[in-house]
Amino acid sequence: MRELTYVRASSAQEAVEAVTADADAMFLGGGTNLVDHLKLGVARPGRLVDVSRLPLDEVETRETPDGPVLRVGAAVRNADLAAHPLVRSGLPALSRALLAGASGQIRQQASTAGNLLQRTRCVYFQDVTTPCNKREPGSGCSALEGYDRYNAVLGASEHCVAVHPSDMAVAMVALDAVVVVLGPEGERRLPVADLHRLPGDAPQRDTTLARDELVTAVELPLTDLAARSTYRKVRDRASYAFALVSVAAALRMDGDTVADVRIVWGGAAHKPWRAELAERALVGQALDEDTVAAAVDTELATARTSEGTAYKLPMLRGTTAHTLTTLATTEDA
Amino acid sequence: MDATIRLTVDGTAHEVTVDTRTTVLDALRERLGVTTVKKGCDHGQCGSCTVLLDGRRHLTCLTLAVAQDGAEVVTAGGLGEGEGLHPVQQAFLDHDGYQCGYCTPGQVCSAVGMLDEAKQGHPSHVTEDLEGDTDLTDDEIRERMSGNLCRCGAYAGILAAVREAAQA
Amino acid sequence: MSTETVEQTPTPITPRSVGTALGRVDGPEKVTGAARYGVEHHGEDGLADPLYAWLVQSTVAKGAVDAVDPAAALAHPGVVAVLDHTSAPRLEDTDDGELAVLQDARVHFRGQVVALVLAESVEAAREGAALVEVGYAAEDHDARFSADGATYRPDSVNPAFDTDSDQGDVDAALEAAAVVVEGEYSTPHEHNNPMEPHATLARWSDGDGDEVLRLVDSTQAVHGVASTVAPLFGLEPGQVRVTAPYVGGGFGSKGMPHASTVAAALAARAVAPRPVSLAVTRQQMFALTGYRTATVSRFRLGADTDGRLTAVEHRAYEQTSAVKEFAEQTAVATRMMYAAPNRRTSHRLAVLDVAVPSWMRAPGEMPGIFAHEVAMDELAEACGLDPVELRLRNEPDVDPESGKPFSIRRLPECLERGAERFGWAERSAQPRSTVDGDWWVGTGVAAATYPGYRMPGNAARVTALEGGRYDVAIGCVDIGTGARTVLTQIAADALAVEPADVDLHIADTSLPSASVAGGSSGTSSWGATVVAAAQAFAAAHGDAPEPGAEVVASADDDPLSGEHVFHSFGAVFAQVRVHRWTGEIRVPRLLGVYSVGRVVNPTTARSQLLGGLVMGLSAALHEESVRDPRFGHVVTQDLASYHVASHADVLDVDAEWLEESDDEFTPMGSRGIGEIGIVGTAAAVANAAYHATGVRVRSLPVTADRFLEVDR
């Protein structure tokens with residue numbers, strides 16, 4: 001039979017070594033997603049390497065040649081990060097995104113790294129009695145022709161139409177965040193935008209990390225643009241629900257026209273979807289409902305919808321327009 | 001695989017042998033006989049299993065016991081002083097903030113933890129000014145208590161109870 | 001100790017405690033968590049050290065189990081036994097297909113119990129269940145519901161209503177009508193989802209003794225469980241003892257035992273005398289513990305230019321399970337709601353290879369009145385009438401179906417009082433005419449009704465104690481309604497003592513028989529019985545009885561056979577806001593005004609009515625069990641994908657009631673309040689959403705996407 005063993009790592013290095021050494025081992029952080037998966041049978045590790053007590057729970061500012069960054073330890077709890085004064089003042093989209101996620105209890109438990117690495121809530125992925133390429137490569141995608149309300153509309157493949165469920169990750173992409181990763185070969189950095197991937201023909205891989213790479217921190221540049229950011233989530237309940245769509249946005253105006261803008265969508269794709277075409281279309285333009293809608297439509301030109309997801313296009317259009325025009329008004333004030 | 005851990009529950013120290021797969025919730029209910037914490041969904045989707053774990057409100061169904069060796073757990077059974085009720089519990093009685101009572105221990109623990117978060121100045125999803133003070137309006141209380149589902153629909157009473165406890 | 005049950009006709013009591021806001025007598029236990037539910041009783045009197053049972057469910061929707069290989073499961077440490085259809089104890093009676101657990105190889109729906117694992121721990125049981133290998137000979141199945149596929153005509157609809165009705169000449173009336181509104185309205189499958197999942201603690205005692213099977217069950221009817229389960233095992237009801245001291249909600253799903261209760265009893269028999277603890281998982285509840293069927297209601301309303309109905313036609317389509325029939329009475333309330341000389345209703349079912357539907361709060365009225373009341377909103381617009389006025393113009397003098405007078409019918413006053421409180425007079429007649437910031441704003445109204453039910457089969461025992469106190473016993477259940485509290489009040493008034501002088505015992509089959517906590521019948525049925533017992537006691541022993549004096553009595557009045565019909569009524573008003581950019585919908589105000597007879601306890605009654613309104617709001621905005629017909633099961637099978645209203649969804653919700661007493665119905669004057677709050681609420685929300693946006697939503701739930709112009 002299969003044993004589940006548990007070890008509490010005393011250092012990040014030791015944790016990485018433990019996972020490298022055992023193909024059945026997984027990192028255990030706050031547990032809010034992994035423990036769920038253990039019970040569902042979605043994850044069946046033989047060994048849990050507990051990284052939740054590692055000294056990775058600091059939030060601190062660092063000066064870099066490119067300016068100040070906020071360095072957030074991987075184990076910092078979502079509630080603490082959302083409430084951190086520097087996040088509230090300098091990275092409001094991050095605070096808003098965290099507060100829009102899950103529930104008060106879960107935010108007290110979930111870690112920064114765990115939030116990034118949480119897996120899709122596609123109902124078929126979580127139901128081990130149904131085919132799912134993400135859970136069991138090659139078994140087929142049940143969502144493609146099935147319950148589709150929460151499916152992706154951008155960047156999906158015939159193998160997987162799941163969306164990434166994190167709110168926080170969407171904000172982090174808009175804020176140009178970088179993840180710091182420790183692996184067997186040492187430390188590396190990559191933009192959060194490059195952390196998650198599109199499903200292609202390998203939907204079992206959510207991210208570009210190797211299984212024994214440990215996220216140790218996230219670094220967020222403290223810029224003027226980041227300070228003028230927000231996050232807007234549309235969901236089926238007023239609270240405690242995953243996004244139908246969401247928008248992380250940052251905006252800098254030059255008089256009446258857009259000087260710089262970031263638009264990242266949640267609930268749209270297998271990864272936080274940066275709407276670069278829409279961003280480009282908006283720079284130099286006046287910001288009104290029609291301009292934003294037109295810009296959004298350039299991004300949505302490649303969208304593919306089904307009966308149950310067709311609503312996401314007008315919802316993305318409206319939510320993006322509302323978020324940006326609200327940001328512009330707020331900045332005026 | 002079994003492991004022996006220490007948990008302090010409502011002020012009583014326990015040593016308990018758990019399976020590595022045992023959640024804190026099942027350790028409490030099935031191994032320690034502490035049924036003041038309830039299992040509503042077992043997947044972090046209802047809040048019935050909320051306790052205060054090392055002072056923070058916490059879903060025990062999503063937490064492996066083996067990872068909480070040495071933790072201090074306070075359930076609804078340990079909130080009050082001696083035989084007396086905690087003010088939040090009294091407020092739930094006064095405002096009929098419950099019907100069947102199954103989500104209630106979790107609601108009560110969640111309220112206690114939430115009021116502490118608010119005291120520390122934590123914002124919420126409905127806080128308009130992220131840099132302003134925390135004012136526990138009705139909308140703030142509703143949002144902050146939304147991790148605890150009540151199928152009897154006793155939210156009006158729960159709101160009134162938490163509002164009163166917040167003002168006390 | 002057996003005392004003969006006497007028949008007593010209860011007479012109206014003088015309310016003293018009744019009508020006052022006595023706090024819940026079990027409140028402190030609930031807020032501290034000391035109240036024990038279902039399987040939490042392990043460790044008590046003979047129920048210690050249970051084995052944990054975990055259900056294994058079929059992964060095909062139709063066919064037969066080929067083979068169950070328990071080897072891997074049995075090899076797992078802690079797993080003690082695996083039961084399947086070849087090894088489980090035999091039942092004496094397998095007529096009820098839902099309850100014939102593990103009796104043959106047939107698979108009738110996906111999620112059916114096909115094996116059961118018993119283990120020393122929860123963890124081992126869960127893992128063991130995952131390790132059981134079940135082979136199937138699958139057959140083609142049909143799990144797709146459509147109205148056009150619903151062609152089966154049941155003999156009757158729940159509980160015993162005529163399947164169809166036809167009065168006057170509907171077709172001719174529609175032909176002649178100045179205004180005709182025709183529409184199709186639909187409601188989705190919904191799951192009760194009480195917060196406490198269904199759970200059973202069972203112990204089997206072989207050999208002699210009266211009590212063979214001991215169950216602690218999460219149920220709305222301990223006696224109902226005993227009388228249903230006993231014959232399955234060839235036992236007398238008296239040999240099955242069932243208790244349910246605390247029950248974490250039910251809303252109908254615990255009104256009758258489901259497969260899990262039988263499975264626990266089977267398992268306990270297999271490992272007797274070791275107790276067995278079986279807690280159904282939240283996910284399993286979506287297949288095994290009942291649900292509200294999806295419905296399609298095709299309405300045709302005919303009216304004259306003044307909005308007076310000349311014809312009402314309601315054709316209801318729904319689905320049931322091939323393994324057990326449940327026909328919801330979706331169109332029954334349409335038969336009595338409004339005056340119209342020509343009325344026709346019908347029910348047709350699709351018989352599918354799906355889980356067994358059952359009761360969910362106001363079965364029939366909830367989906368049926370949603371359809372009717374949205375149709376009425378459309379008729380009001382078609383006639384250019386205010387929706388409140390339209391309903392006032394269609395008030396019948398007597399029950400349109402039976403021709404009998406209502407004991408009390410005060411729907412007009414509910415509508416008028418609600419309109420007054422809601423500021424209805426200021427409402428604009430035009431839809432999509434009010435914007436507040438980014439939000440469209442509108443208001444809507446709907447009427448509600450629910451019949452008064454009094455159940456047979458109740459008895460109560462009154463025993464004099466020392467010091468002028470009384471022991472009052474009745475085997476009913478408090479699922480959160482406040483039954484423990486209000487029966488204490490009723491007993492106190494009937495015995496002319498203070499509530500503190502009443503020692504009330506419920507929720508045990510060792511106590512006199514009681515009917516289900518369902519159909520808004522509990523307080524009426526049990527309360528009338530308690531009053532009868534108290535009055536019989538007074539007649540036999542006076543008001544200064546010897547301690548130990550005892551009477552067991554049942555109430556022999558039968559108001560339902562009298563000259564009146566009994567219905568509660570209500571009017572629900574909703575304000576809705578719809579975000580013009582995102583489509584998000586919020587309900588800032590919800591008000592229900594009710595005529596429900598005398599309110600026994602304003603605190604618990606208010607919570608009941610508010611709870612019904614909240615569940616109606618939840619149905620309006622959120623609830624939908626999505627079945628994937630390819631597989632045959634509900635895929636939104638947890639509380640993250642099956643949304644029920646969270647606290648943030650519930651804003652200003654209020655309920656009030658008209659002062660009245662229905663003395664003909666019960667000696668307390670009460671008529672029942674558990675269901676009516678859910679009735680009409682979703683229609684009020686949908687009507688308000690129309691008023692806000694001009695978008696008519698005819699199917700639940702009313703979600704954000706409905707208000708966006710969907711492209712591509």
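### Here's the deal with the nonpolar core
All names here are of chain C. Ranked by internal contacts, the top residues of the largest apolar core, which has 154 residues, are Leu301, Leu379, Ile585, Leu590 and Val685. Once you skip the residues sitting within four places of it in the chain, leucine 301 turns out to touch Leu174, Val179, Val180, Val181, Leu309, Ala311, Val312, His372, Ala375, Met376 and Leu379. If you look at the next biggest cluster of nonpolar residues, it comprises 98 residues, including Leu51, Leu102, Ala287 and Leu495.

### Here we look at the interface of chain B and chain C
Listed by partner, the interface residues are 49 residues for chain B and 61 residues for chain C. Carbon and sulfur atoms make up 55% of the surface buried where chain B meets chain C, a total of about 4,200 Å² over both sides. Counting the surface chain B buries against chain C, the share from its top three residues, Arg21, Gln99 and Arg151 of chain B, is 21%. Where chain B touches chain C, the interface holds five salt bridges. With a closest N to O distance of 2.7 Å, arginine 29 of chain B and glutamate 40 of chain C form a salt bridge. Taken together, the connections running from chain B to chain C amount to 31 residue pairs in polar contact (both at pLDDT 80 or more). Every element with two or more residues in the side of chain B that touches chain C is listed here: helix 1 (24-31), helix 2 (87-94), helix 3 (104-119), helix 4 (138-144) and helix 5 (155-167) of chain B. Looking at the side of chain B that touches chain C residue by residue, the classes come out as 20 nonpolar, 15 polar and 14 charged.

### Topic: the pairing of strand 4 (residues 79-84) of chain C
All names here are of chain C. In terms of residue burial, strand 4 counts as a mostly covered element, since five of its six residues are buried. One ladder, built from five bridges, connects strand 4 with strand 6 (residues 113-119); its direction is antiparallel. In the sheet register, leucine 83 faces strand 6, and the bridge partner there is leucine 116.

### So, the sheet that holds strand 11 (residues 179-187) of chain C
Backbone-to-backbone hydrogen bonds pair the strands of a sheet. The strands run either parallel or antiparallel. All names here are of chain C. The strand order 10-18-17-16-11 describes an open sheet built from five strands, whose pairing is mixed. Because the sheet does not close on itself, it has two edges, and the strands there are strand 10 (165-167) and strand 11. Between one strand and the next, the sheet's axes are offset by a mean angle of 10°, whatever the strand orientation. Here nine bridges tie strand 16 (residues 295-303) to strand 17 (residues 309-321), and the two strands are oriented antiparallel to one another. Along strand 17, the bridge assignment pairs serine 297 with alanine 316. Lying over the sheet, helix 8 (residues 365-383) contacts strand 11, strand 16 and strand 17, oriented at roughly 150° with respect to strand 11.

### Overview of the domain arrangement of chain A
Taken as a whole, chain A is organised into domain 1 (5-50) and domain 2 (227-332). Relative placement of domain 1 of chain A and domain 2 of chain A: their C-alpha centres are 36 Å apart.

### Section: the interface of chain A and chain C
Taken together, the contact pairs 40 residues of chain A with 41 residues of chain C. Interface area for chain A against chain C, summed over the two sides, is near 3,200 Å², with a carbon-plus-sulfur share of 57%. Between chain A and chain C we count three salt bridges in total. Between arginine 44 of chain A and glutamate 127 of chain C there is a salt bridge; the shortest N-O distance is 2.6 Å. Counting across the interface, chain A meets chain C through twelve residue pairs in polar contact (both at pLDDT 80 or more). Only helix 2 (34-40), strand 9 (229-235), helix 11 (289-299) and helix 12 (312-332) of chain A provide two or more residues apiece to the side of chain A that touches chain C. The element that contributes the greatest number of residues to the side of chain A that touches chain C is helix 12 of chain A, accounting for nine residues. Tallied by class, residues from the side of chain A that touches chain C come to 18 nonpolar, ten polar and twelve charged.

### Digging into the packing of helix 3 of chain B against helix 5 of chain B
Residues and elements named next belong to chain B. Remark: helix 3 packs on helix 5, axes separated minimally by 11 Å, with the N-to-C direction vectors making an angle of 40°. Judged by the twist between their axes, the crossing of helix 3 over helix 5 is right-handed. Between helix 3, through Gln107, Ala111, Met114 and Leu115, and helix 5, the contact on the second element is made entirely by Ile158, Val162, Ala165 and Ala166.

Analysis parameters
Residues numbered from 1 in each chain as written. Chains lettered and ligands numbered in written order. Predicted model: local features only at pLDDT ≥ 70, side-chain atom pairs only at ≥ 80, totals over all residues. Heavy atoms only, no water. Core = buried A, V, L, I, M, F, W, Y, C linked by side-chain atoms within 4.5 Å. Buried < 20%, exposed > 50% of the residue type's maximum accessible area, 1.4 Å probe, protein only. Contact = heavy atoms within 4.5 Å. Buried area = accessible area lost by both parts, 1.4 Å probe. Salt bridge = Lys/Arg side-chain N within 4 Å of Asp/Glu carboxyl O. Polar contact = N/O pair within 3.5 Å; in protein donor to acceptor, adjacent residues only side chain to side chain. Helix = DSSP H or I, 4+ residues; strand = E, 2+ residues; numbered from the N terminus. Nonpolar A, V, L, I, M, F, W, Y, C, P; charged D, E, K, R; others polar. Pairing = 2+ DSSP bridges. Axes fitted to C-alpha atoms, helices over the stretch in contact; angles between N-to-C directions. Domains from an automatic or database assignment. Left-handed = near helix turned anticlockwise from the far one by under 90°.

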